[in-house]
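If you want the building blocks of each chain, they are given just below.
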Amino acid sequence: MKHQILFIEGLPGSGKTTYARKLKKYYESKGIRVVQFSEGDLHPIDLAWCSVMNKEELDRILLKYPELKDEILRLTKKEEDKYITAYTRVSHESVSQAFYDEMKSHEIYRTKDIETFLEAHIKRYEYFSKNYDQDTLYIFECIFLQNHITELILNYNLQKEDVIAYFKRLIKPLIDMHPMIFYIYQTDISHIFNKTIEERRTNEPDKYRDWIDEVVIYLESTTHAKSLDFLGKEGMLRFGHYRQSLEQKVMKKLGIDYEVFELDRDYDKVFEKMKNIEI
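Structural notes, computed from the coordinates. Fair warning: this is a prediction, and the values are worked out from it, not measured in the lab. (Residues numbered from 1 in each chain as written. Predicted model: local features only at pLDDT ≥ 70, side-chain atom pairs only at ≥ 80, totals over all residues. Heavy atoms only, no water.)

1. What about the sheet that holds strand 6 (residues 136-141)?
Read from one edge of the open sheet, 5 strands run 2-6-1-7-8, paired in parallel fashion. Two strands lie at the open edges of the sheet, namely strand 2 (33-37) and strand 8 (257-263), each paired on one side alone. Across the sheet, the mean angle from the axis of one strand to that of its neighbour is 20°, orientation sign disregarded. In the sheet, strand 1 (residues 5-10) pairs with strand 6 via 4 bridges, with the strands oriented parallel. If you follow Ile-8 over to strand 6, its bridge partner there is Glu-141. Helix-sheet contacts for helix 11 (residues 267-275) involve strand 7 (180-186) and strand 8, and the interaxial angle to strand 8 is about 155°. (Pairing = 2+ DSSP bridges. Helix = DSSP H or I, 4+ residues; strand = E, 2+ residues; numbered from the N terminus. Axes fitted to C-alpha atoms, helices over the stretch in contact; angles between N-to-C directions. Contact = heavy atoms within 4.5 Å.)

And the structure:
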């Protein structure tokens, strides 16, 4: 086993989570020990969909939502003087959109300082690089390119060379783990985008927003989506094309291994190709 980290990347609807789970089972069948984390988990290197609070802030949340206390604490871990909660994993009959919105306001992704954002992640990367299991393959989906590049474009409007420089700093602590990227390249972004909208409709519209509504709200909240013409459903589609193109350029400059798998509409064909890559 040459690589100890496998990043699964691609636009929404690429099947990243499904591929990560299927690859875990496949590699385990070959005798490889695998640990897989999804976006929004209590993640060893990522902070997406996790709130970061001090004790006073956490105590206030626990008092405000007493019926969720056990669930919140189950999904919270302390790191130094901060409490990290995988809040989207909170499951309870009384959980509401208002709870999720309040927890979201405590994400590191709400910061407006790019150096603070980058350093928070580099610190986690450095810690992980010193504390991982050398006999394990770690599969991380969507948390390297997708989450960071979205911030770099929409909130900081970084140009290509600055984006590349950012990712070189970010990946540096993990280089000795020989990370690899499996990138799912969508050949028909519009079709998969509309398919994803329908697949991610909520079953409880009176309690929760649809995925596409969350996306639109997020775009409206960013600093540069309007000036870049990335607002609304059509803006999200334009952003997808721009992002996918930029991510190809970034991968080529990082000095790490990567494989690009073209996805038309046959997800199984892509998985068969993934299985043929020596990890």
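2. Description of the packing of aromatic side chains
This model, assessed by the stated rule, comprises 19 aromatic pairs. Summarising the aromatic geometry, the rings of Phe-7 and Phe-144 are spaced 4.7 Å apart at their centres and angled 20° between planes, so their arrangement reads as stacked. Placement of Phe-7 in strand 1 and of Phe-144 in the loop between strand 6 and helix 6 (145-154) is noted, with a sequence separation of 137 residues between them. Each of the two residues, Phe-7 as well as Phe-144, counts as buried. Ring-pair connections join several aromatic residues into one group, and the members of that group are Phe-7, Phe-37, Phe-128, Tyr-132, Tyr-138, Phe-140, Phe-144, Tyr-166 and Phe-167. Over the face of the ring belonging to Phe-271 we find Lys-22, whose NZ or CZ atom lies 4.4 Å from the ring centre. (Phe/Tyr/Trp six-rings, centres within 6.5 Å; stacked < 30°, edge-to-face > 60°. Buried < 20%, exposed > 50% of the residue type's maximum accessible area, 1.4 Å probe, protein only. Lys NZ or Arg CZ within 6 Å of the ring centre and 35° of its normal.)

3. Points about the nonpolar core
Counting 57 residues, the largest nonpolar core has Phe-7, Phe-128, Phe-140, Phe-144, Phe-167, Leu-174 and Val-250 as the members making the most contacts within it. If near-sequence neighbours (up to four positions away) are discounted, Leu-174 is found in contact with Ile-5, Phe-7, Ile-45, Tyr-125, Phe-128, Ser-129 and Pro-179. (Core = buried A, V, L, I, M, F, W, Y, C linked by side-chain atoms within 4.5 Å.)

4. Examining the sheet that holds strand 4 (residues 76-79)
Reading across from one edge, 3-5-4 is the order of the 3 strands in this open sheet, with antiparallel pairing throughout. Edge positions in the open sheet fall to strand 3 (51-53) and strand 4, since each of these has one partner strand only. Neighbouring strand axes in the sheet, compared pairwise and without regard to direction, differ in orientation by 25° on average. The pairing of strand 3 with strand 5 (residues 82-85) spans 3 bridges and is antiparallel.

5. Observations regarding the environment of Glu-9
Residue position: Glu-9 is located in strand 1. The spacing of Glu-9 and Tyr-208 is 199 residues in sequence and 27 Å in space, taken between C-alpha atoms. If we ignore the near neighbours within four places in the chain, the residues touching Glu-9 are Lys-16, Cys-142, Ile-143, Phe-144, Leu-145, Gln-146, Ile-181, Phe-182, Tyr-183 and Ile-184. At a separation of 3.0 Å, a polar atom in the side chain of Glu-9 contacts the main-chain amide nitrogen of Gln-146. (Polar contact = N/O pair within 3.5 Å; in protein donor to acceptor, adjacent residues only side chain to side chain.)

6. Focus: the environment of Tyr-166
Following the sequence through the fold, Tyr-166 ends up in helix 7 (residues 160-171). Residue Tyr-166 is classed as buried on the basis of its relative accessible area, which comes to 4%. Along the sequence, Tyr-166 and Ser-221 sit 55 residues apart, while their C-alpha atoms lie 23 Å from each other. Tyr-166 has contacts with Ile-114, Phe-117, Leu-118, His-148 and Leu-152, leaving out every residue within four places of it along the chain.

7. Considerations on helix 1 (residues 16-29)
In a regular helix each residue adds 1.5 Å, so 14 residues correspond to 20 Å; helix 1 covers 20 Å between its end C-alpha atoms and thus fits that length. Taken together, the buried positions of helix 1 are occupied by Lys-16, Tyr-19, Ala-20, Leu-23 and Tyr-27. Taken around the axis of helix 1, the buried residues stretch over an arc of 100°, which confines them to a single face. In this structure, helix 1 carries Lys-25 and Ser-29 as exposed residues pointing more than 90 degrees from its buried face. (Expected span 1.5 Å × (residues − 1). Arc of directions from axis to C-beta.)

8. Digging into the packing of helix 6 against helix 7
Helix 7 packs onto helix 6 with a crossing angle of 140° between their chain directions and a minimal axis gap of 11 Å. Classified by the interaxial angle, the pair formed by helix 6 and helix 7 is oblique. The interaxial crossing formed by helix 6 with helix 7 has right-handed handedness. Residue-level inspection shows Leu-145, His-148, Ile-149 and Leu-152 of helix 6 in contact with helix 7, the latter providing Val-163, Tyr-166, Phe-167 and Leu-170. The residue makeup of the contact of helix 6 with helix 7, split by class, is 7 nonpolar, 1 polar and no charged. (Parallel < 35°, antiparallel > 145°, perpendicular 65-115°, else oblique. Left-handed = near helix turned anticlockwise from the far one by under 90°. Nonpolar A, V, L, I, M, F, W, Y, C, P; charged D, E, K, R; others polar.)

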